[in-house]
Every structure is written in structure tokens, then in C-alpha cells.
Amino acid sequence: MPLKAVVMNAKDNVATALDNLKKGENIELVINGEKELVELKADIPFGHKFSLTEIEPNSPVIKYGEVIGVSTALISAGDYVHVHNIASARARGDLQGGKE
Amino acid sequence: MSFSGYPRPKGYVGTRNYIGIISTVSCANDVSCWIAEKVKDAAVFLHSHGCCQTQPDLDTVNLTLTSLGWNPNLAAVLLVSLGCESSSVDLIAEGIAKSGKPVEKVVLQKMGGKTNVVNEGTRIVRAMAETAAKLKREEFPDSELRLGVKCGASDTTSGLLSNPATGVACDTLINNGGSCVFGETTEIIGAEHILEHRGATPEVGRKILEIVARMENRAIAMGVDMRGGQPSKGNIAGGLSTIEEKSLGAIVKAGTKPIKAVIEYGEKPEGKGLFLVDTPGREPEFLTALAAAGAQVMVFSTGLGAPQGFPFIPVIKITGNPNTYKNLPEHLDIFVELGEQGVTQAGKALYREILEVASGKKTKAEAIGYGRFPNIFTIGPVL
């Protein structure tokens, strides 16, 4: 069976969907050669991300082994991760002082 | 490996044999088009600049048009000027003449208007095309190629598949002694710490941090969150959440080799290897920077399906999004299968395609003539 989602780096706390995935599905992931199961708490469109673990608010969101942004809410394992719950830390002219 | 191209003065090699018609100011665009319509093998470069701008921007226009004239895909160049513009047709002509190729100019206000300029321009371009048609393709090593790489209309498949495959092709060309150019400084924000360490010297690394900070500060000066502009609405719909995520996927398209130098917009770097040009990522401005930097072939990696090419450079489209590949057959040249094997295989297939396209095979964008509206990147106001 083809992979339904991919984790780019063992440090990542999110996975990327390789198909349109449904809420309640158990997704098998391969991380460092080990298999791991995550139950989805929402529908995840093709190419979008879901969380592998609980992520506290104001915590780094990690993909490719690098920080891709900061959580703006509590994110549970299996939650949809996108612009509604992560923010960019860069080019933020809207924030006082701009860069963090 | 080798390809068959057109020999140019000073040892350069073209993959196409066009006569370039270059407008020196937006006001000369119409006559440039009218001349180009009358001659087969003419390629016209239009833009919206060249007047009522501050000197730094006018310098960028002069430099960019000069560098475009040097591009090896042009056998000869006609500059089309209005006459009263602030860009300098004479300076550009002098600069292009140093390439050793024929260059001439027509000036509307000095030649009695549209009809005379179109007649005279057409006569010049036809004569240039007759001479150029006598040139035959010859076999050259792939080390004579300079590849421009770009990603656009990205989604998450870009960072997972089509950008890594493009990176494989980049590495192959540099291993074989050729050159690659990449840029899109905005799409380095959040990934500059990785590229810094790829600088061939500490100075190059520092310069990378400097251009990223400069670009980020321009966005910050607007007083808003950049998100929505970068990543774009389409990028976000495609699953990219932040500029950091987009950047980390974007830098992969330039492979893994050391970055030899950082160049300014419109500049043409000397020598071989991997070069980074400081420019935003938007297509019309960025593809021009690659052409100015001397790229004779480009690879454009896309997720959602970016259709545009460039007036005188073949642009190969590659995607890892199966839906896009299926839905947009007129626009996409290469598909990357899922999986690590897929990336390596696609990288190899892409490299073969680069050599075939360099040797004359038409890309999808060339076949339908998509790419007539490039532009030049300027910083200051229109005055």
C-alpha cells in the first residue's frame, strides 16, 4: 500500500499528507525506520500537514528538521496544522519591532 | 555529456538562435512588438521601466538590458528606443557590442514615428536573421551550459519532489563542469542559516545573510504580515503555512554544491559553478534575472502549475503533483513520482531533457509561445 503521509526528518513534529485523508483514519508513518500510528482528528487535504505530537502554544513547529513557524494554539496529535494554528516568525511588519 | 548549440563570440554557446528585439523603455514596447511580428526567429523583450525612476533603478534597467543582450541565445540585438527616456540606449548598445555580436538601434522620435521605425527596424532584424540562419549547431560539452532554476506556483509537493529532482540536475551539471543560477531571496527567509554554510567563502555566507535581511526589511517596512503575499494565497491553499516552510522546500532546487558568488539583479557572473542572484521570486522579474545572468536553459519546478516561459530561453516545467500533471498537459514537461527513487530517477530524466532541450527540442511553454510578458525588478518609486 502506498504511503499516506510522509515525515521529512526524525526531528519533525508534523507530517505531510500524500492523499486526501479523513478524520478518524489511523495513518501509518515511518520515522527513522520505525513505524508509528497517528489517528487523525480532522480531514487533512493532499499536501497539508497534521501533528505527530501535542504541541504547546508558542512552541516551534518543525518540518525538514527545521523550524517552520510557531504554534498559536494548543495542537494535539492528529490535529490539522496550518495557518489557523501556526504563525510565521519572519517578515512580520505587523508586530512591534518587526523581527523577533 | 554533450549538447548541440550555436557558437557565439568569446566562447559562449547558445541553445537558441534568436534575434533579440529589446525595448529600452515601456513607451517603445508597441513598436518592438510590431517589428518582432514581421520576422521569424525574432524574440522580443518588453518591460514596464526605463523612465521616471531614480538613478539606481535606471542603472538596474541599463545593466539588465545589457546583460540580456549578452545572453548566448541571441545571435544579434536590435534596441528599440523612444528617444526621450532616461534609460540609455547608447550605453546599452556599447555594453552589448562588447559581447562581439551585432547590435543596432532604432529611435522613434528621431526617425519620424512608428511607420519609419517599424520599417527600418524590420529591415535590420531581417538582415540579422539572414546572417544568423547560416549558423549551424555544433556539439559542445555540457560544461558550456548555464542552467537557471526556479520554483513557482508551489505547493507542498514542490519541496518534497520537484525541487529535490531539480537539485539532482543542478548537482549533475556542476559535477560536469557547468554552471547553475538560482535566487528568489524572499524564499530563502527562514533557510538562510543553511545556505550561509554553503558559501564558497565566509564572505559569500555573510553576503547571503545580508541580502535576506535586506529583502525581509523591505517586507517589514510595509507594516503588515507578509503571509498572503509570501507564501501566496495559492501556496497556502496548496498546504504551505509559512515563508519558512516554503523556503526550506525551495532551496533544495539548487542542489548541494558550494555557492560561488552572490550577484546583484541584472548582473552576469563570470566563471563556472553555482551562483545566487539577489531578486524576489515573482516570475516576470525573476526569469529575467536568470536570463541576464546568462542562463541558456531554465528548469521551473511547480506544484500548482505555473505556465510561463521566457521570450528567448527554453523553460522546462517539472511537477510532483499528480493532479496538476494530469490537468495541465499543455504546460508541464516532466513528472516526478513519489518516493526517494522517484526523485533520483526524475533528476536523471530531467538532466537528459535539459540536454535535449538545449539541443533544440521545444519545451511546452515554447510550443505554445507562453512567456511574452517578463519584467525588470526595481526598488524605488515610479516618479
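Heads up: the structure comes first, above all this text.
Residues numbered from 1 in each chain as written. Chains lettered and ligands numbered in written order. Predicted model: local features only at pLDDT ≥ 70, side-chain atom pairs only at ≥ 80, totals over all residues. Heavy atoms only, no water.

Enquirer: Help me understand the overall build of chain A in this model?
Expert: Secondary structure assignment for chain A yields zero helices and nine strands. Its helices and strands in sequence order give chain A the pattern β-β-β-β-β-β-β-β-β, from N to C terminus. Against the 2.2 N^0.38 benchmark of 13 Å for 100 residues, chain A shows a C-alpha radius of gyration of 14 Å, consistent with a compact globule. Reported as C-alpha extents along the three principal axes, the dimensions of chain A are approximately 50 × 25 × 20 Å. Pairs at least 24 residues apart make up 44% of the contacts formed inside chain A by residues separated by at least 6 positions. Counting every atom, chain A has about 5,100 Å² of accessible surface; 49% of that belongs to carbon and sulfur. Positive and negative side-chain charges in chain A, numbering 11 and 14 respectively, have mean positions lying 5 Å apart. (Helix = DSSP H or I, 4+ residues; strand = E, 2+ residues; numbered from the N terminus. Rg over C-alpha atoms; globule rule 2.2 N^0.38 Å. Contact = heavy atoms within 4.5 Å. Areas by Shrake-Rupley, 256 points an atom, 1.4 Å probe, with all protein chains shown as cover. Lys, Arg positive; Asp, Glu negative; His and termini not counted. Charge placed at Lys NZ, Arg CZ, Asp CG, Glu CD.)

Enquirer: How do you make sense of the environment of Ala349 of chain B when you look at a structure like this?
Expert: Mapped onto the elements, Ala349 of chain B comes out in helix α12 (residues 340–358). As a C-alpha pair, Ala349 of chain B and Ala165 of chain B span 184 residues in sequence and 9.2 Å in three-dimensional space.

Enquirer: What exactly am I supposed to notice about the interface of chain A and chain B here?
Expert: Reports often express the size of an interface as the amount of accessible area lost when the parts come together. Taken together, the contact pairs 28 residues of chain A with 35 residues of chain B. Of the roughly 2,400 Å² buried between chain A and chain B on both sides combined, carbon and sulfur atoms contribute 58%. Of all residues in chain A, Tyr64, Arg90 and Ala91 of chain A bury the most surface against chain B, accounting for 25% of the area lost on that side. Summed over the shared surface of chain A and chain B, the number is five salt bridges. For Glu216 of chain B, the salt bridge identified is with Arg90 of chain A, shortest N-O distance 2.6 Å. Between the two partners, chain A and chain B, sit 22 residue pairs in polar contact (both at pLDDT 80 or more). Counting residues per element, the ones that place at least two in the side of chain A that touches chain B are β7 (66–71) and β9 (86–87) of chain A. The element best represented in the side of chain A that touches chain B is β7 of chain A, accounting for four residues. Considering only residue class, the side of chain A that touches chain B consists of 13 nonpolar, eight polar and seven charged. (Buried area = accessible area lost by both parts, 1.4 Å probe. Salt bridge = Lys/Arg side-chain N within 4 Å of Asp/Glu carboxyl O. Polar contact = N/O pair within 3.5 Å; in protein donor to acceptor, adjacent residues only side chain to side chain. Nonpolar A, V, L, I, M, F, W, Y, C, P; charged D, E, K, R; others polar.)

Enquirer: Please clarify how helix α4 (residues 114–133) of chain B should be interpreted in this entry.
Expert: Since the α-helix turns once every 3.6 residues, residues separated by three or four places project in the same direction. Residues and elements named next belong to chain B. Taking 1.5 Å per residue as the helical rise, α4 with its 20 residues ought to reach 28 Å, and the 27 Å between its terminal C-alpha atoms agrees with that figure. Listed as buried for α4 are Val117, Val118, Gly121, Thr122, Ile124, Val125, Met128, Ala129 and Ala132. Buried residues belonging to α4 abut β3 (18–23), α1 (29–37), β4 (42–45), β5 (74–81) and β6 (103–107). (Expected span 1.5 Å × (residues − 1). Buried < 20%, exposed > 50% of the residue type's maximum accessible area, 1.4 Å probe, protein only.)

Enquirer: I'm lost on the environment of Gln53 of chain B in this one. Help?
Expert: Residues and elements named next belong to chain B. Checked against the element boundaries, Gln53 lands in the loop between β4 and α2 (55–70). Spatially, the C-alpha atom of Gln53 lies 22 Å from that of Val277, the residues being 224 residues apart in sequence. For Gln53, the residues in contact, after removing those within four places along its chain, are Leu58, Val61, Thr378, Pro381 and Leu383. Polar contacts involving the side chain of Gln53 include one to the main-chain amide nitrogen of Gly50, which spans 2.8 Å.

Enquirer: Help me understand the packing of aromatic side chains in this model?
Expert: Each pair of aromatic rings is reported with the distance of its centres and the angle of its planes. Residues and elements named next belong to chain B. The final tally for this structure, using the stated rule, is six aromatic pairs over all chains. Measuring from ring centre to ring centre gives 6.4 Å for Phe3 and Phe140, while their planes differ by 40°; the resulting arrangement is tilted. With Phe3 in strand β1 (residues 2–7) and Phe140 in strand β7 (residues 138–141), the pair connects residues that are 137 residues apart, well separated along the chain. Relative accessible area serves as the criterion here: at 0%, Phe3 is assigned to the buried category. A centroid spacing of 6.1 Å and a plane angle of 85° characterise the contact between Tyr12 and Trp70, whose relative ring orientation is edge-to-face. Taken together, the residues Tyr12 in the loop between β1 and β2 (13–14) and Trp70 in helix α2 connect sequence positions 58 residues apart. A relative accessible area of 28% places Tyr12 in the partly exposed class. Each member of the aromatic cluster is reached from another via a ring pair, and the members are Phe45, Phe310 and Phe312. (Phe/Tyr/Trp six-rings, centres within 6.5 Å; stacked < 30°, edge-to-face > 60°.)

Enquirer: Explain helix α9 (residues 243–250) of chain B to me, please; I cannot follow it from the model alone.
Expert: The element α9 of chain B is extensively covered by neighbouring structure, given that eight of its eight residues are classed as buried. All of the buried residues along α9 of chain B are Ile243, Glu244, Glu245, Lys246, Ser247, Leu248, Gly249 and Ala250 of chain B.

Enquirer: Explain the side chain of Thr242 of chain B here, please?
Expert: Along the chain, Thr242 of chain B falls in the loop between α8 (233–237) and α9. Accessibility expressed as a relative area gives 0% for Thr242 of chain B, which makes it buried. Excluding residues within four positions of it along the chain, Thr242 of chain B makes contact with Ile68, Gly69, Ile86, Ala87 and Ser88 of chain A together with Arg227 and Pro231 of chain B.

Enquirer: Would you mind going over the packing of α2 of chain B against helix α3 (residues 89–97) of chain B with me for this structure?
Expert: The relative placement of two packed helices comes down to the angle between their axes together with the axis-to-axis distance. All names here are of chain B. Running from N to C, α2 and α3 cross one another at 35°; their axes reach a closest spacing of 8 Å. You can see that α2 and α3 cross each other, and the crossing is right-handed. Taken together, the residues of α3 that come into contact with α2 (itself represented by Asn62, Leu65, Thr66, Gly69 and Trp70) are Leu91, Ile92, Gly95 and Ile96. By residue class, the composition of the contact of α2 with α3 is five nonpolar, four polar and no charged. (Axes fitted to C-alpha atoms, helices over the stretch in contact; angles between N-to-C directions. Left-handed = near helix turned anticlockwise from the far one by under 90°.)

Enquirer: Can you help me understand the pattern of salt bridges in this one?
Expert: Oppositely charged side chains can pair when the atoms bearing their charge come close. The full count for this structure, using the stated rule, is 27 salt bridges over all chains. Taking the shortest distance from any N to any O, the salt bridge between Lys63 of chain A and Glu245 of chain B comes out at 2.8 Å. With Lys63 of chain A in strand β6 (residues 60–63) and Glu245 of chain B in helix α9, this residue pair bridges two chains. Overall, Glu245 of chain B belongs to the buried group, its relative accessible area being 1%. Of the charged contacts, one joins Lys268 of chain B and Glu270 of chain B as a salt bridge, the two residues approaching to 3.0 Å between their closest N and O atoms. Connected via shared salt-bridge partners are Lys207, Glu210, Arg214, Glu264 and Asp278 of chain B.

Enquirer: Would you mind going over the sheet that holds strand β5 (residues 49–51) of chain A with me for this structure?
Expert: Two strands in a sheet stick together by hydrogen bonds in their backbones, pointing the same way (parallel) or opposite ways (antiparallel). Residues and elements named next belong to chain A. If you trace the four strands from one edge of the open sheet to the other, you get β1-β2-β5-β8, paired in antiparallel fashion. Lying at the two open borders of the sheet, with one neighbouring strand each, are β1 (5–6) and β8 (80–81). Relative to β5, strand β2 (residues 14–17) runs antiparallel, the two being bridged by three bridges. The partner of Val14 across the bridge, within β5, is Ser51. (Pairing = 2+ DSSP bridges.)

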